Amino acid sequence: MKPQLLKLCLILSLFPLIFSLVSCQNQQTQDRGITITTNQSQSQQKQRRTALVIGNASYQDNPLKNSINDAEAMANALKDVGFDVILLENADLKQIENAIDTFHHQLKAGGVGLFYYAGHGTQVDGENYLIPVNAKLDVAEDVRYEAIPVGKVLARMEDAANQMNIVILDACRNNPFARKWRSSQRGLAPIQSARGALIAFATEPGGVAADGEGENGLYTSFLLKHLKTPNLDVELMFKRVREDVVQATQNKQVPWESSSLVGDFSFNPVTVAQSSQPNSTTAETYFKQGEDYRNNNQYDKAIAAYTKAIEINPQYAEAYKNRGIVYLDLKDYEKAMADNNKAIEINPQYSNAYNNRGLVYYNLKDYEKAMADYNKAIEINPQLFQAYGNRGSVYYNLKEYDKAIKDYNKALEINPQYADVYNNRGNVYRELKEYDKAIKDYNKAIEINPQNDYAYNGRGNVYDDLKDYDKAMADYNKAIEINPQYAYAYNGRGNVYSDLKEYDKAIKDYNKAIEINPQYSNAYNNRGIVYSDLKEYEKAMADNNKAIEINPQYAEAYNNRGIVYLELKEYDKAIKDYNKAIEINPQYAYVYNNRGNVYLELKEYDKAMADYNKALEINPQYDDAYNNRGRVYYNLKEYDKAIKDFNKAIEINPQNPYASNNKKLAEEAKRNQ
C-alpha cells in the first residue's frame, strides 16, 4: 500500500565479470565514496567473483525511496555468495567513472563479473544512460556529458575478457527530467547481450515498473529472494523472478532478459558433499526462516534462526539488525542495542541499523542519542523515510511540534502511503487542537490500512476532545475489535464512559487496560478520577499514588492527587502536589486554577488572584478560571469586576454550571450595597 512510484527497470546481467580486489580477508577501504569489501570464500577459491553495486537516491528532482536500500541489500547478498563488492552510494559522475575503472581493472583477473545499478536512468536516441545524482539535464542532449552511457559499462566489461558477465541495471524509475525536454522516450531501450553475458530488464524495454511497498524495489526484492537458492541456474533464477513479479503486479510488469551465456552459472553452488553435511543449510536460508517467524510473531524461533545464520556467517549485518528488531519487540533493549551495534560495526554505513538503534534509544527515553542515530541514518540515506518518521516522534515527545510536523511531512513526501506517519502527524495536530487536520490524517491512515488500530484510537481521542461521544465510542470499539489487547483503546473508551458518568463501565475499562499493561500510569490516573468523582477518596488516592510511582514526572497525577487532598481539606498537601505539577509543567493552566481554589478556601485572595491570572494567561478561553476569579472579586466586594468575569465565563461556555448562578449573586449583592 505504498506509493506506486514508476521505475524504468532495466536489469542488465552480463555474466562474464567478477572482481577480486585484494587477497586478504574482510578488508575494507574507502576511496572517493567507493566501499571495497573483500570476502574470500571456498567458492571464490574455485572462481573469482567481482561486483560493482551503485545506488543513487538523492536527486534534486524526484529523489528515490528504495535505491539505496536496494544497493545495500544486493551488496550484502552478493558478498554472502562469494563476491568481492565495490559499493557506491549517491555518486556523482566522476565517482561512477572512477568506480568503473576500478571494476574494469579487477575484472581483468578473470572469473565472473556483475554490475548492479539502482537509480534514475533514461534513453536518448536509442542509447541508455545512468544518471548521477549531480547531473544537470536541462535538455536531452546534456545526458551525453552529464550521465554514464550503459554502452560504456558494457564495453569496459567486454574488454576485460573475463569468463562471464552479469549486468543488472535497476534504472527503473520514471525519468524526472523528461518534463524539461521537448520530447522523451518512455523507459529504457533494448540491449543485445554479447557472448558470455546476460542482460536482464526489470520490465520490458520501454516499460515502467512499480517501486514496491517495502524497503526494496519490487524487482530487486524478488531478485534477493531467489539469488541465494542453492544450485539454481542463473537463467532459471531470472525466470522465477519474472514469474513472481508478473503475479505480484497482475501482469502489469513483465521482466525481460537477453542472454548469450555459454556454460552454467549459479550464484550459490552447493556440492553433493556439502549438501550431505548437517550444517549445509546456508546463512540466507536461516535468515529467511527468521523473517517468516518474525512476521508471524514467533519470536523465540525467529531468534534461533537469526542466531544460526550469524553462526554460519559472523559478518551477516542484516541478521544482527533483524534479530535486534525481535529483541526490540520483546523490550529486551540491552540485546537489541548489542545487535544493532554489531551491525553498525560490520557496516558503518548501514542506515537501517542506525535507525533501529535509534528506536532502542527512543524506547529508553534517551532522546538525545535517538536523535543522533536518526540524523546519521538520514545523512547516509536521505530517502530513508522511516528515520524521518522516527525523528518526528522524538520531536513530538519533546513537544517541538513544528519540527515534528516538518519531519512527518518529509517522510510522507518520500512515501505518501506511510500510514503510521499520518497517524503520528494526527497526534501532533490533536495536541495543537487542530482537530480537522488531525481527523483528516487519521482518516488517511485508516484508508491506507483499514486495520490500523492506532489510527482508530487516535481519531477516537479527537472525538472525545470534541465531546462527540458516539463517534469516539465507535472508534474505540473498532480499535479493540482489531486488537483486543490494546490497552490505550480501553483507556480511551473508559474516558468516554467517565464523561458520560457511566462510572461502572469506565472502571471496568480502566481495569482491563491495567490488566493488559500493569505499568500503564494513565489508566491508574483516570480510574483515580472516577473514584474521586464517586467520593471514594481512599481508592482515588491509591490510584494517584500508583500513577506517580510508575511515572514520577506525571504532572496530571500530582494535580489529581492535589484535588483529592483539597476535598479532604488537607490544604498543605494539596498545595505541595500542585507545586510539583507546576514544576514539571509550568504551562499547566488547570493546576494554577486548582491551586487558586485552595488559596480561595484559605482566603488568601492575593495568591488566588495571581494563580487565576496565570491560568488565563496560559489559556484565555478557560471559563472555570474566569468564574473562580470572579469569586475572588465577589469576596473582595468588587462586584463589577466579578460580574464581568462571570459574563466572560458564560460567553466561553454557556453551559458552565456555576457562572450563571454566581453572576446573579453578584448582581444582587451590588444592588444591596
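Residues numbered from 1 in each chain as written. Predicted model: local features only at pLDDT ≥ 70, side-chain atom pairs only at ≥ 80, totals over all residues. Heavy atoms only, no water.

Colleague: It is not clear to me how the pattern of salt bridges should be interpreted in this structure. Could you clarify?
Modeller: It is possible for side chains of opposite charge to pair when their charged atoms get near one another. A complete count under the given rule lists 40 salt bridges for this structure. The residue Asp 80 makes a salt bridge to Lys 228 at a minimum N-O spacing of 2.5 Å. Separated by 148 residues along the polypeptide, Asp 80 in helix 2 (residues 67–80) and Lys 228 in the loop between helix 6 (218–227) and helix 7 (234–248) bring together distant segments of the chain. You can call Lys 228 buried: its relative accessible area is 7%. In this structure, Glu 638 and Lys 641 form a salt bridge, with 3.3 Å as the shortest nitrogen-oxygen distance. In this structure Lys 641 comes out as partly exposed when scored by relative accessible area, which is 44%. Taken together, the shared-partner salt bridges in this structure form one network comprising Asp 80, Lys 228 and Glu 284. (Salt bridge = Lys/Arg side-chain N within 4 Å of Asp/Glu carboxyl O. Helix = DSSP H or I, 4+ residues; strand = E, 2+ residues; numbered from the N terminus. Buried < 20%, exposed > 50% of the residue type's maximum accessible area, 1.4 Å probe, protein only.)

Colleague: What is the right way to read the packing of helix 25 (residues 555–567) against helix 27 (residues 589–601) from this model?
Modeller: A pair of packed helices is captured by two measures, namely the crossing angle of their axes and the spacing between those axes. Running from amino to carboxyl end, helix 25 crosses helix 27 at an angle of 15 degrees, the nearest separation of the two axes being 10 Å. In terms of orientation, helix 25 lies roughly parallel with respect to helix 27. The handedness of the crossing between helix 25 and helix 27 is left-handed. Note on element contacts: helix 27 touches helix 25 through Tyr 590, Val 591, Asn 594, Asn 597, Val 598 and Glu 601, opposite Asn 559, Ile 563 and Leu 566. Tallied by class, the residues present in the contact of helix 25 with helix 27 amount to 5 nonpolar, 3 polar and 1 charged. (Axes fitted to C-alpha atoms, helices over the stretch in contact; angles between N-to-C directions. Parallel < 35°, antiparallel > 145°, perpendicular 65-115°, else oblique. Left-handed = near helix turned anticlockwise from the far one by under 90°. Contact = heavy atoms within 4.5 Å. Nonpolar A, V, L, I, M, F, W, Y, C, P; charged D, E, K, R; others polar.)

Colleague: Please clarify how the environment of Glu 538 should be interpreted in this entry.
Modeller: Take Glu 538: it is sitting in helix 24 (residues 537–550). Between the C-alpha atoms of Glu 538 and Gly 528, which are 10 residues apart in sequence, the distance is 9.4 Å.

Colleague: Sorry if this is basic, but what is going on with the environment of Tyr 503 here?
Modeller: Considering the arrangement of structural elements, one finds Tyr 503 in helix 22 (residues 503–516). With relative accessibility at 14%, the residue Tyr 503 sits in the buried group. For the pair Tyr 503 and Tyr 531, spaced 28 residues apart in the sequence, the C-alpha separation amounts to 8.6 Å. Those residues within four positions of Tyr 503 in sequence are excluded, and the remaining contacts are Tyr 497, Ser 498, Val 530, Asp 533 and Leu 534.

Colleague: Looking at this structure, I do not really get the pairing of strand 10 (residues 164–170). What am I missing?
Modeller: Side-chain direction in a regular strand flips from residue to residue, so the side chains alternate between the two faces of the sheet. Across the 7 residues that make up strand 10, a large majority, 7, are buried. Side chains Met 164, Ile 166, Ile 168 and Asp 170 of strand 10 all project onto a buried face; the interleaved residues Asn 165, Val 167 and Leu 169 project onto the opposite face, where all are buried too. Looking at chain direction, strand 6 (residues 112–118) and strand 10 are connected through 7 bridges and run parallel. Among the inter-strand pairings, Ala 118 is bridged to a residue of strand 10, identified as Asp 170. Pairing of strand 10 with strand 11 (residues 197–201), which is carried by 4 bridges, proceeds in the parallel orientation. In the sheet register, Asn 165 faces strand 11, and the bridge partner there is Ala 197. (Pairing = 2+ DSSP bridges.)

Colleague: So what exactly am I meant to see when it comes to the sheet that holds strand 7 (residues 121–124) here?
Modeller: Pairing between sheet strands relies on hydrogen bonds along the backbone, with the strands arranged either parallel or antiparallel. The strand order across the open sheet formed by 3 strands is 7-8-9, and the pairing between neighbours is antiparallel. Single-partner strands in this sheet number two, and they are strand 7 and strand 9 (148–149). Sheet topology note: the strand 8 (residues 127–130)/strand 9 ladder contains 2 bridges and is antiparallel. When the bridges of strand 9 are listed, Tyr 129 appears paired with Pro 149.

Colleague: For this particular structure, what's the right way to read the packing of aromatic side chains?
Modeller: Ring pairs (aromatic) are described by centroid distance and by the angle formed between their planes. Following the criterion strictly, the structure yields 14 aromatic pairs and no others. Judged by centre distance (5.4 Å) and plane angle (70 degrees), the rings of Tyr 454 and Tyr 486 are edge-to-face. Linking Tyr 454 in helix 19 (residues 453–465) with Tyr 486 in the loop between helix 20 (469–482) and helix 21 (487–499), this pair joins segments that are 32 residues apart in sequence. The rings of Tyr 454, Tyr 486, Tyr 488 and Tyr 520 are connected pair by pair, giving a single aromatic cluster. (Phe/Tyr/Trp six-rings, centres within 6.5 Å; stacked < 30°, edge-to-face > 60°.)

Colleague: Would you mind going over the confidence of the model for the chain with me for this structure?
Modeller: Detailed reading of the predicted model is not advised wherever pLDDT is low. For the chain, mean pLDDT is 85; residues scoring 70 or higher make up 86% of the total. Every residue in residues 1–45 is under pLDDT 50, and counting partners more than four places away or in other chains gives 245 contacts. Considering only residues more than four positions removed or in separate chains, one finds that residues 272–280, a stretch of pLDDT under 50, has 6 contacts. (pLDDT = per-residue confidence, 0-100.)

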